[in-house]
Amino acid sequence: MNYVKETDSTKEVNGMVKKTTLATAIAFLTVVCASQAGWTAEKADKAAPKVAPKADPKPSAPNATAKAAKAFEKVSNELYPKAKQEGNLIIYSVWDVEHLRAITDAFAKRYPGIKATYWQGRNPEIVTRVLTEFQGGQASVDSILSDNAPAVLRAAGAMASYETVQKDVLVLHDPTIPTVSLQVQALTYNTKKIKPGDLPKSWEEVANPKYKGMVALDDPMRAGPLSSMLAGLKEQWKDDARFNRFLKGLKALNVPVHKSTSAMFRLLVSGEYAICMPALLHDVIADKEKGTPVDYIKSVPPVVFPRAAGVYAKAPNPNAAKLFAEWLISEEGQKTIDSVGRESSRNDFKSKTSIEMAFPKGTKAIPVTDKLFLEDPKKWLDINVKPIWEG
């Protein structure tokens, strides 16, 4: 496993969580461990209740931005002295090492006296480690910075509830786990392999038989980007017959499925496929700027999935964890996130990868907010996808 380890939180103590609290996390590991090769080696008062994030993709009014800035300054002034007294911040994250280094360096510069360290691994490794430590009652980590892991751990009782004071400027707001970034999925194509007039006009149209053999398709059963897209579309459509037709259409394309979004995108770039279902917006924009023959269909709304900085239920430095989450959402933190190529979680932040800048005015993103999918993706996939895809 490729990771950076800078913590020494390995003390073992006795204790067990109830088996029922582990069921969803174990199910999550079952589905994602089968596709680990495809993953990008991307103390509060009470355990968090099960909730789903709410979407607000509309740009914030100027007063909302000012209100968020004022709220951040207030909570920052309140938390910093407590966090400084704690002295440390321990992060487990799926994010790339160079991204973590840049972010923790910027945080330490903004808040002297807090030593930020991190351990980096893939989502299933994070879930396994945190649950093992939680079982042992270990005060081992403060912040879980990831996409799938925080919600899965919340379902197992291993996350504490914390609501950001900057919620009014978020595209996706979860009242128990702060959303600090987004995974933005775009419908992408190779400009040399398909003519503009032949492009699909929606995600749904990709299932048209005329695209048979032309689509690089993510494995819908691996709890990856296509899985989350399906959850978002099903929630938006609220039409089971329509959803099932779409899924059957994708299956009928008769193309190999891929367990790595980045590898799948490279196949699109090389011209092996004409369409990528889906690609990550930051990858597309970065390659497009390099002059590679890729672009995304701006008229097709993006699918957005939350990336969170959750507070571990037994965090040894809970104030530092809360301060870290608030700083990440602040304008300064979002600039740092944007500088490493990750998308902003705010609806008032302008950058080349923000929805407001990358898509036409008025575009309504498709949010992934299904609670069951977020907390137990295997169960959701077994109910909604497996009967058709593997039937």
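Student: What am I meant to see in the packing of aromatic side chains here?
Tutor: The geometry of an aromatic ring pair is captured by two quantities: the separation of the ring centres and the angle between the planes. Applying the stated rule across the entire model yields 11 aromatic pairs. With centroids separated by 5.3 Å and ring planes inclined at 80 degrees, the aromatic side chains of Phe107 and Phe324 adopt a geometry described as edge-to-face. Taken together, the residues span a long stretch of sequence, with Phe107 in helix α3 (residues 97-110) and Phe324 in helix α10 (residues 318-329) at a distance of 217 residues. Judged by its relative accessible area of 0%, Phe324 falls in the buried class. Taken together, a centroid distance of 6.3 Å and an interplanar angle of 70 degrees make the contact between Phe134 and Tyr312 edge-to-face. Note that Phe134 is positioned in helix α4 (residues 123-135) and Tyr312 in strand β12 (residues 303-312), a separation of 178 residues in sequence. Residues Phe134 and Tyr312 agree in their burial class; the two are buried. One aromatic cluster is present, formed by Tyr80, Phe107, Tyr111, Phe324 and Trp327 through successive ring pairs. One Lys or Arg, Arg129, reaches over the ring of Trp119 and ends 4.6 Å from the middle of that ring. Its guanidinium or amino end placed over the ring of Phe243, Lys234 lies 5.8 Å from that ring's centre, counting from NZ or CZ.

Student: Is there a simple way to think about the side chain of Asp348 in this case?
Tutor: Looking at where Asp348 falls in the secondary structure, it is placed in the loop between β13 (343-344) and α12 (355-358). At 2.7 Å, the side chain of Asp348 forms a polar contact with the side chain of Thr65. Engagement of the side chain of Asp348 in a polar contact is seen with the side chain of Arg346, the distance being 2.8 Å.

Student: Please clarify how unusual backbone geometry should be interpreted in this entry.
Tutor: Of all residues except glycine, most have a negative phi; of all peptide bonds, most are trans. Note the cis peptide between Met277 and Pro278, where omega equals -10 degrees. By the secondary structure assignment, Pro278 is in strand β10 (residues 275-280). Despite not being glycine, Ala223 shows a phi value in the positive range, around 60 degrees. Counting through the fold element by element, Ala223 comes out in the loop between β8 (215-218) and α6 (225-237). By relative accessible area, which is 3% here, Ala223 ends up buried. Backbone geometry places Asn254, a non-glycine residue, at a positive phi of 55 degrees. Within the element layout of this structure, Asn254 appears in the loop between α7 (240-252) and β9 (257-258). Relative accessible area serves as the criterion here: at 61%, Asn254 is assigned to the exposed category.

Student: In this structure, what is going on with the pairing of β12? I would like to understand it.
Tutor: Sheet faces and side chains relate simply in a regular strand, where the side chains alternate between the two faces. The buried count for β12 comes to 10 of 10 residues, which makes it a mostly enclosed element. In this sheet, β12 lies alongside strand β4 (residues 143-146) in antiparallel orientation, the contact comprising four bridges. Counted as the bridge partner of Ser146 is Ala308 from β12. As paired elements, strand β5 (residues 159-160) and β12 share two bridges and run antiparallel to each other.

Student: What should I look at first to understand helix α8 (residues 261-270) in this one?
Tutor: For an α-helix, 3.6 residues make a turn, and residues three or four places apart therefore share a direction. For α8, the set of buried residues is Thr261, Met264, Phe265, Leu268 and Val269. The buried residues of α8 occupy an angular sector of 145 degrees when projected down its axis, which confines them to one face. One or two residues past the end of α8 sits Gly271, with phi positive at roughly 95 degrees.

Student: Help me understand the packing of α8 against helix α9 (residues 281-289), please; the structure alone is not making it clear to me.
Tutor: Relative orientation and spacing of two packed helices are given, respectively, by the angle between their axes and the distance between those axes. Contact pair α8 / α9: the axes reach a minimum separation of 11 Å and the direction vectors enclose 35 degrees. α9 is crossed by α8, and the crossing has right-handed handedness. The residues of α9 that touch α8, namely those facing Phe265, Arg266 and Val269, are Asp283, Val284 and Asp287.

Student: What should I look at first to understand the environment of Thr179 in this one?
Tutor: Topologically, Thr179 is positioned in strand β7 (residues 179-190). Filtering out sequence-adjacent residues up to four positions away, Thr179 remains in contact with Leu170, Leu172, Asp174, Pro306, Arg307, Ala308, Ile329 and Ser345.

Student: Is there a simple way to think about the packing of α6 against helix α14 (residues 377-384) in this case?
Tutor: Contact geometry of α6 with α14 gives a least axis separation of 11 Å together with a crossing angle of 65 degrees. Crossing geometry of α6 relative to α14 is assigned as left-handed. Note on element contacts: α14 touches α6 through Trp380, Leu381 and Asn384, opposite Ser227, Leu230, Ala231 and Lys234. Along the lines of polarity and charge, the residues of the contact of α6 with α14 split into four nonpolar, two polar and one charged.

Student: Would you mind going over the pattern of salt bridges with me for this structure?
Tutor: Opposite charge on two side chains permits pairing when their charged atoms draw close. For the coordinates displayed, the defined rule picks out 23 salt bridges. Between Lys350 and Glu356 there is a salt bridge whose closest N-O contact spans 3.7 Å. Judged by relative accessible area, Lys350 falls into the exposed class, the value being 53%. Here the salt bridges do not stand alone but share partners, grouping Glu73, Arg110 and Glu332 into one network.

Student: Can you help me understand the nonpolar core in this one?
Tutor: As a rule of thumb, soluble globular proteins bury nonpolar side chains together. One finds Phe107, Ile144, Leu145, Leu153, Phe324, Trp327 and Leu328 to be the most contacted residues of the largest nonpolar core, which totals 51 residues. A per-element tally of this core places α10 first, with eight residues. Residues contacting Leu145, with those up to four places away along its chain left out, are Ile91, Tyr92, Ser93, Val94, Trp95, Leu100, Val180, Ala308, Ala309, Phe324 and Leu328. Grouped together as the second largest cluster of nonpolar side chains are 41 residues, Ala207, Trp237, Met277 and Val300 included.

Definitions and limits used
- Residues numbered from 1 in each chain as written.
- Predicted model: local features only at pLDDT ≥ 70, side-chain atom pairs only at ≥ 80, totals over all residues.
- Heavy atoms only, no water.
- Phe/Tyr/Trp six-rings, centres within 6.5 Å; stacked < 30°, edge-to-face > 60°.
- Helix = DSSP H or I, 4+ residues; strand = E, 2+ residues; numbered from the N terminus.
- Buried < 20%, exposed > 50% of the residue type's maximum accessible area, 1.4 Å probe, protein only.
- Lys NZ or Arg CZ within 6 Å of the ring centre and 35° of its normal.
- Polar contact = N/O pair within 3.5 Å; in protein donor to acceptor, adjacent residues only side chain to side chain.
- Pairing = 2+ DSSP bridges.
- Arc of directions from axis to C-beta.
- Axes fitted to C-alpha atoms, helices over the stretch in contact; angles between N-to-C directions.
- Left-handed = near helix turned anticlockwise from the far one by under 90°.
- Contact = heavy atoms within 4.5 Å.
- Nonpolar A, V, L, I, M, F, W, Y, C, P; charged D, E, K, R; others polar.
- Salt bridge = Lys/Arg side-chain N within 4 Å of Asp/Glu carboxyl O.
- Core = buried A, V, L, I, M, F, W, Y, C linked by side-chain atoms within 4.5 Å.

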